[in-house]
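Each chain, written out:
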Amino acid sequence: MRSIFIILTFFVALTAYPQKGERPKNLPKFDNRPIHFGFTLGFNSMDFSIHQSNSFLTIDSLDKIDNNRQIGFNIHIVSNIRLGEYFDVRFLPGLSFGQRDIDYSFWSPTKKSFVVRKMKLESTFIDFPFLLKYKAKRINNYRPYLVGGTNLALDLASQKTIKEEDKPKIRLKPFDVYYQLGFGIDYYLTFFKFSTEITFAVGMLDILKKDDTKYTQAIDKMNSKVVMINFHFE
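The model shown is predicted, which means the values in this text are computed figures rather than measured ones. (Residues numbered from 1 in each chain as written. Predicted model: local features only at pLDDT ≥ 70, side-chain atom pairs only at ≥ 80, totals over all residues. Heavy atoms only, no water.)

Just checking my understanding: could you explain the packing of aromatic side chains for this structure?
Ring pairs (aromatic) are described by centroid distance and by the angle formed between their planes. Considering all chains together, one arrives at 14 aromatic pairs under this definition. Among the aromatic residues, ring-to-ring pairing joins Phe39, Tyr187, Phe192, Phe194, Phe231 and Phe233 into one connected group. It is Lys133 that lies over the ring of Tyr145; its NZ or CZ is 4.2 Å from the centre. The lysine or arginine in question, Arg138, covers the ring of Tyr188, its NZ or CZ lying 3.7 Å from the ring centre. (Phe/Tyr/Trp six-rings, centres within 6.5 Å; stacked < 30°, edge-to-face > 60°. Lys NZ or Arg CZ within 6 Å of the ring centre and 35° of its normal.)

Pasting the structure below:
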């Protein structure tokens, strides 16, 4: 949270910083285009919000459940439609690759210590984000903006067959719906526009596929969380 606060503070300070004099503008008519395209390359960090079930404490020897972030990457196509001077609609279909690790800690009376069962949950998402972009006033060759909307995601890896050596292992549901919020800065270069963006996405659906094992019985529901750092080329 401290890092997020620092980034937001820097963003606000940058947009409020007074500019002394006008510099020559690159691509002066770029934002007047009714529609334009591009592509996105980025990194992601996927995570879970795990809500314990009422029977969590009754499950023999289970002490806690931890989840660990892993770094993934994503690639998207940018379709941008101009609504007006300050608003755009964006559609960014693409692929996101990531992994989330869950650690189940069990108390072992024989070893007098905790035994950790680690599960590696890989995901390959087909993403369909629909976003509204609000652009602040352009200052020389950069323009801060906010973005928000929803993302329909289909996890192809959730249907993979679990290998015998990887069992026991929980399964995830293939479909999820995210709401997304982010901010970034457009940089107008000589031949194209380059943007850096940080986006936060939270899944609204319970993605845990329940079964009769203690690994899913210990969880009431599980939601996805993703932090993305994206680089747009338009």
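Having seen it, we continue.
Would you mind showing me how to read the side chain of Asp103 here?
Within the fold, Asp103 resides in strand β4 (residues 94-108). Assessed through its relative accessible area of 12%, Asp103 is described here as buried. In this structure the side chain of Asp103 is engaged in a polar contact, spanning 2.9 Å, whose partner is the side chain of Lys118. Each residue touching Asp103, except ones within four places of it in the same chain, is listed here: Lys64, Ile65, Asp66, Asn68, Val116, Arg117 and Lys118. (Helix = DSSP H or I, 4+ residues; strand = E, 2+ residues; numbered from the N terminus. Buried < 20%, exposed > 50% of the residue type's maximum accessible area, 1.4 Å probe, protein only. Polar contact = N/O pair within 3.5 Å; in protein donor to acceptor, adjacent residues only side chain to side chain. Contact = heavy atoms within 4.5 Å.)

Would you explain the pairing of strand β9 (residues 193-203) in this entry?
Both faces of the sheet carry side chains from a regular strand, because those side chains alternate between them. In terms of strand pairing, strand β8 (residues 175-188) meets β9 through eleven bridges, oriented antiparallel. Its bridge partner being in β9, Gln180 is matched across the sheet by Ala201. Once β8 ends, the chain turns through four residues before running back antiparallel as β9. Of the pairings in the sheet, the one linking β9 to strand β11 (residues 219-233) comprises nine bridges and is antiparallel in character. Across the sheet, residue Thr199 finds its bridge partner in β11, namely Met228. (Pairing = 2+ DSSP bridges.)

Explain the side chain of Asp127 to me, please; I cannot follow it from the model alone.
Structurally, Asp127 can be placed in strand β5 (residues 113-135). Of the side chains with opposite charge, Arg100 comes closest to the buried, unpaired Asp127, at an N-O distance of 9.8 Å. A distance of 3.5 Å separates the side chain of Asp127 from the side chain of Asn151, its partner in a polar contact. Those residues in contact with Asp127, other than ones at most four positions away along the chain, are His76, Leu92, Pro93, Gly94, Leu95, Ser96, Asn151, Leu152 and Ala153. (Lys, Arg positive; Asp, Glu negative; His and termini not counted. Salt bridge = Lys/Arg side-chain N within 4 Å of Asp/Glu carboxyl O.)

In this structure, what is going on with the pattern of salt bridges? I would like to understand it.
For side chains of opposite charge, pairing can occur when their charged atoms come near one another. On inspection of all chains with the given rule, the structure shows eleven salt bridges. Note that Asp47 and Arg69 form a salt bridge whose closest N and O atoms lie 3.5 Å from each other. Linking Asp47 in strand β1 (residues 35-52) with Arg69 in strand β2 (residues 62-82), this pair joins segments that are 22 residues apart in sequence. Note on Asp47: relative accessible area 9%, which makes it buried.

Any chance you could explain the confidence of the model for the protein here in plain terms?
Detailed conclusions should not be drawn from predicted coordinates in areas where pLDDT is low. Per-residue confidence for the protein averages 88 on the pLDDT scale, and 89% of its residues sit at or above 70. Across the protein, strand β3 (residues 87-91) holds the top mean pLDDT of 98, while helix α1 (residues 2-16) sits lowest at 49. The model gives residues 15-19 a pLDDT under 50, and that stretch makes five contacts with residues more than four places away or in other chains. (pLDDT = per-residue confidence, 0-100.)

How should I be thinking about unusual backbone geometry in this particular structure?
Outside of glycine, negative phi angles account for most residues, and trans bonds account for most peptide bonds. At Leu27, a residue that is not glycine, the phi angle is positive and equals roughly 45 degrees. By relative accessible area, Leu27 is classed as buried at 18%.

Could you clarify how one ought to interpret the nonpolar core in this entry?
Nonpolar side chains in soluble globular proteins tend to end up buried together. Ranked by internal contacts, the top residues of the largest apolar core, which has 18 residues, are Phe48, Leu62, Ile65, Ile102, Tyr104, Ile170 and Met222. Looking at this core, the elements that each hand over two or more residues are β2, β4, β5 and β11. (Core = buried A, V, L, I, M, F, W, Y, C linked by side-chain atoms within 4.5 Å.)

What's the story with a nonpolar patch on the surface in this structure? I'm lost.
Together, Phe128, Phe130, Leu152, Leu154, Leu156, Phe175, Tyr179, Leu181, Met204 and Leu205 line one region of the surface with nonpolar side chains, adding up to about 890 Å² of accessible area. Where the nonpolar patch is concerned, the elements lending two or more residues are β5, β6 (142-155) and β8. Ranked by residues supplied to the nonpolar patch, first place goes to β8 with three residues. Tracing the sequence through the fold places Leu152 in strand β6. (Patch = residues over 30% accessible without salt bridge, like charges linked within 9 Å, V, L, I, M, F, W, Y side chains within 5 Å. Areas by Shrake-Rupley, 256 points an atom, 1.4 Å probe, with all protein chains shown as cover.)

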